[in-house]
Amino acid sequence: MRALFLAGRALFGGFFVYNGINHLQHTQGMTQYAASKGVPAAQPAVQTTGLMLLAGGLSVLAGVKPRQGLAMLISFLVPVTLQMHRFWEEQDPEARQGQMINFMKNMALVGAALTMMEIREPWAASLDAARADEEMFVRLGGRDLHALPA
């Protein structure tokens with residue numbers, strides 16, 4: 001099961017990392033599209049959401065504060081989906097279908113992120129788990145305090 005969890009994490013987190021990088025590399029084109037959808041301050045919005053996607057995706061991939069990373073992804077997905085993929089407003093059947101597919105995909109991603117928030121931390125094979133396994137002690141006068149007699 002651990003291998004499946006790691007593979008799922010890689011796919012899920014990697015999807016958001018890729019899209020965050022895409023936002024940052026193609027800011028100009030995405031800014032024009034966002035502006036056409038009524039997004040105020042479209043360029044900073046595209047850049048900010050790109051950073052949110054990147055940070056959230058890396059959080060899931062590495063398992064560093066994954067609940068915060070998932071919350072960041074959800075806080076991106078819900079408003080962006082409602083603003084950018086208004087399939088109910090589309091008159092053209094093909095455009096309506098395309099927007100509906102993107103809307104439903106994003107809602108499925110929200111569902112997956114909400115489900116992952118239930119996983120107990122630290123996640124298996126994560127940086128948080130590696131840090132939790134480190135032994136913490138204080139060195140005093142050349143002796144480790146955890147090694148002193150009780």
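Here's a quick rundown of the structure.

Running from amino to carboxyl end, helix α1 (residues 2–25) crosses helix α4 (residues 66–84) at an angle of 55 degrees, the nearest separation of the two axes being 12 Å. Considered as vectors, α1 and α4 are oriented oblique to each other. The hand of the α1/α4 crossing is left-handed. Every residue of α4 that contacts α1 at Phe12, Phe16 and His23 is listed here: Leu70, Leu73, Phe76 and Leu77. Looking at the contact of α1 with α4, its residues break down into six nonpolar, one polar and no charged.

At a minimum axis separation of 12 Å, α1 and helix α5 (residues 93–116) run at an interaxial angle of 125 degrees. Between α1 and α5, the crossing angle belongs to the class labelled oblique. Judged by the twist between their axes, the crossing of α1 over α5 is left-handed. Of the residues in α5, those touching α1 at Arg9, Phe12, Phe15 and Phe16 are Lys105, Leu109, Ala112, Ala113 and Met116. Grouping the constituent residues of the contact of α1 with α5 by class yields seven nonpolar, no polar and two charged.

Procedures and definitions
- Residues numbered from 1 in each chain as written.
- Predicted model: local features only at pLDDT ≥ 70, side-chain atom pairs only at ≥ 80, totals over all residues.
- Heavy atoms only, no water.
- Axes fitted to C-alpha atoms, helices over the stretch in contact; angles between N-to-C directions.
- Helix = DSSP H or I, 4+ residues; strand = E, 2+ residues; numbered from the N terminus.
- Parallel < 35°, antiparallel > 145°, perpendicular 65-115°, else oblique.
- Left-handed = near helix turned anticlockwise from the far one by under 90°.
- Contact = heavy atoms within 4.5 Å.
- Nonpolar A, V, L, I, M, F, W, Y, C, P; charged D, E, K, R; others polar.

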